[in-house]
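A structural walkthrough
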Amino acid sequence: MSVTIQSYGDCKITIKTGLFINNEFKPSVGGTVMTTPNPATGEDLATISSATAEDVDIAVSAARLAFETTWGKKSTPDQRSSLLNKWAELIEADIDSLAELESLDNGKPVWMARDVDIVDSIGCLRYYAGLADKIEGRTIEQQEGIKLAFTRAEPIGVCGQIIPWNYPIQMFMWKVAPALAAGNTIVIKPAEQTPLSALRLAELAVEAGFPPGVLNVVNGPGAVTGDAISRHMDIDKVAFTGSTVTGRKIMEAAAKSNLKKVTLELGGKSPVVVFDSVDIDQTANWVCMAILFNHGQDCCAGSRLFVQDTIKDEFLATLKKKVEQVEIGDPSVKTTFIGPLVSKQQQEKVKKYIQYGKDEGAVCLTGGEDKLADLPQKFKNGFFVPPTVYTDCKKGMKIVDDEIFGPVLAVQTFETEEEAIELANDTAYGLGAGIFSQNASQCMRMVHAIKAGTVWCNQYMVLSNAVPFGGMKQSGFGRELGIEGLKEYTQTKAVHWNYGEEIEWPLNGTNV
Ligand code: ADP
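Residues numbered from 1 in each chain as written. Predicted model: local features only at pLDDT ≥ 70, side-chain atom pairs only at ≥ 80, totals over all residues. Heavy atoms only, no water.

The chain is annotated in an unreviewed UniProt entry as Aldehyde dehydrogenase domain-containing protein from Meyerozyma guilliermondii. What UniProt states about the chain under its Sequence similarities (unreviewed entry) heading is, verbatim, "Belongs to the aldehyde dehydrogenase family." (UniProt positions renumbered as here; feature names shortened; annotations may be inferred.)

See below:
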């Protein structure tokens, strides 16, 4: 079972389309399939197997067996590290066709998939390959020469991982790399909008030499495959990235099944605060990055902009110019920054919010369908949305309160630092925030005051595999990346060891 896809270049990409279980690609037990389109053209790209609850059961059994027999209990950190490194090498060798595949399935420009997503994902694998032999417990002194205690950081077991469509390869690696480094085995479900790159990564994992059952990939719809993972009685942990609505469902399913451990990286409505001391040109560049990178389909997109009123006119004029410089269109072209959104459904959702902005009285600084007039004919049915900036926004408007997950920015102004803090924190989310100021003390005060898992000062959207990422408030809990990300895939066992203490029996108040 495989499909051959015509790439943007002149090569053809062949991928296996089955469910990946026990190092083999096989059809779903019931023969269920699903189809994924190319978002740039709206045409079907590939039909692949879709997992039912029964298929998830089979994948979990494979992962359990691997955990007990080869990976979790039998492998050494060195072996795990060298397999992760080997996998990274194979991905690197395949980077060009993998980038095309990712772009065809997701819509993001090929260069972005290659030079950002995949390069960072390879870095993520290598980072955790390097940490595999640095998983340590502690010795805790109890009584010299008599007894001691120590801790072990053990793998959790079989991990279910459910990932979103905005960074398919990167989200895959953020989840898989630390989990495998720590000795867990995996059943992962990619998003139904972007199922293809995970299948290619799985093929490369076999080539790298991972034992069967260590990594299992089950594509399928959230309500079926995802739900089966979150409810499964033999999955020890579920790690999720996606919407807050779905995160709640997963937590509930975990609570109602076997109380599996849960980590959630959820939505955001991140504030970007611009004080009047800034370099206007540079700051406008970062503000564009904050809302337009990955077409705004980013859980930490800086989608609420707060500009100090004293520089409002100059700043917004510069921002308008910069947003209008952005090239929208062909994802295969290197100068393109904005391709199509991931799906028709997402395009319709974002367009609805653009209409809400108009209806609720916000003023359109830039936007409008005419920005798409120059799209080549072959992209006329693609899921494109023009970058849109609204000013004169206020709390209570849907474009200010809701996560849109598209290139739509809501601008408000403020007078004082106190007001900026209040506005920035006035959201149920707490994933990211940006502070732009030349006053270091002001930046530090803001860092303390803002309730978010990541605060960027004078930059935005910059991540490092070594730095933890995750949310506060309703943006979730648990951290990915960094040493913290590895710790989420271990559990502590405490060991008390006696080598000299004797007790009297029967024990009572006179001899305790
Ligand atoms: P979106 O609405 O943008 O697609 P979701 O949070 O629904 O975002 O999707 C993120 C991931 O969660 C996807 O892999 C999706 O299939 C999965 N998912 C959706 N619904 C459920 C569910 N009820 N249980 C488990 N996973 C789900």
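Details of empty space enclosed by the protein
Counted under the stated rule, the structure contains 4 cavities of 30 Å³ or more. One number sums up the size of the largest cavity: a volume of about 100 Å³. If you trace the largest cavity, you find 16 residues lining it, with Lys175, Thr263, Leu264, Arg479 and Glu480 closest to the centre. Within the residue set of the lining of the largest cavity, elements represented by two or more residues are β12 (237-241) and β13 (261-265). Here the element with the most residues in the lining of the largest cavity is β12; it accounts for 4 residues. Its residues placed into classes, the lining of the largest cavity shows 6 nonpolar, 4 polar and 6 charged. Estimates place the volume of the second largest cavity at around 60 Å³. For the lining of the second largest cavity, the residue count by class is 6 nonpolar, 4 polar and 3 charged. (1 Å grid on protein atoms, 1.4 Å probe; cavity = no way out; pocket = protein on both sides within 12 Å on 5 of 7 lines; lining within 4 Å. Points joined across faces, edges and corners; volume = space filled by probe spheres on them. Helix = DSSP H or I, 4+ residues; strand = E, 2+ residues; numbered from the N terminus. Nonpolar A, V, L, I, M, F, W, Y, C, P; charged D, E, K, R; others polar.)

Observations concerning the UniProt feature "active site" (unreviewed entry) in the chain
In this numbering, the UniProt entry assigns the feature "active site" (unreviewed entry) to Glu265. If you trace the backbone, Glu265 turns up in strand β13. Glu265 gets classed as buried once you look at its relative accessible area, which sits at 3%. In contact with Glu265, other than residues within four places in its own chain, are Phe240, Thr241, Gly242, Cys299, Leu431, Phe469, Ser475 and Glu480. (Buried < 20%, exposed > 50% of the residue type's maximum accessible area, 1.4 Å probe, protein only. Contact = heavy atoms within 4.5 Å.)

Describing the site of the ligand
The environment of the ligand is made up of 19 residues, and the closest members are Ile163, Lys189, Glu192, Ser243 and Thr246. At 2.5 Å, a side-chain N or O of Glu192 approaches an oxygen atom of the ligand. Backbone polar atom of Gly222 to an oxygen atom of the ligand: 3.3 Å apart, as the coordinates give it. For the ligand, the protein covers 81% of the area, taking 550 Å² as the surface of the free molecule. Counting atoms within 2 Å of the grid points, the majority share of the ligand lands in the largest pocket. At the level of secondary structure, the elements contributing two or more residues to the shell around the ligand comprise α7 (222-231), β12 and α8 (244-256). The element best represented in the shell around the ligand is α7, accounting for 4 residues. Residues belonging to the shell around the ligand are distributed by class as follows: 7 nonpolar, 8 polar and 4 charged. (Near = heavy atom within 4 Å. Polar contact = N/O pair within 3.5 Å; in protein donor to acceptor, adjacent residues only side chain to side chain. Areas by Shrake-Rupley, 256 points an atom, 1.4 Å probe, with all protein chains shown as cover. Sits in = over half its atoms within 2 Å of the grid points.)

Comments concerning the state of the cysteines
One pass over the full model with this rule turns up 0 disulfides. Unpaired in terms of disulfides, Cys300 finds its nearest cysteine sulfur in Cys299, a separation of 5.3 Å. With no disulfide of its own, Cys364 lies 10 Å from the sulfur of Cys393, the closest cysteine sulfur. In this structure Cys364 comes out as partly exposed when scored by relative accessible area, which is 41%. (Disulfide = S-S within 2.5 Å.)

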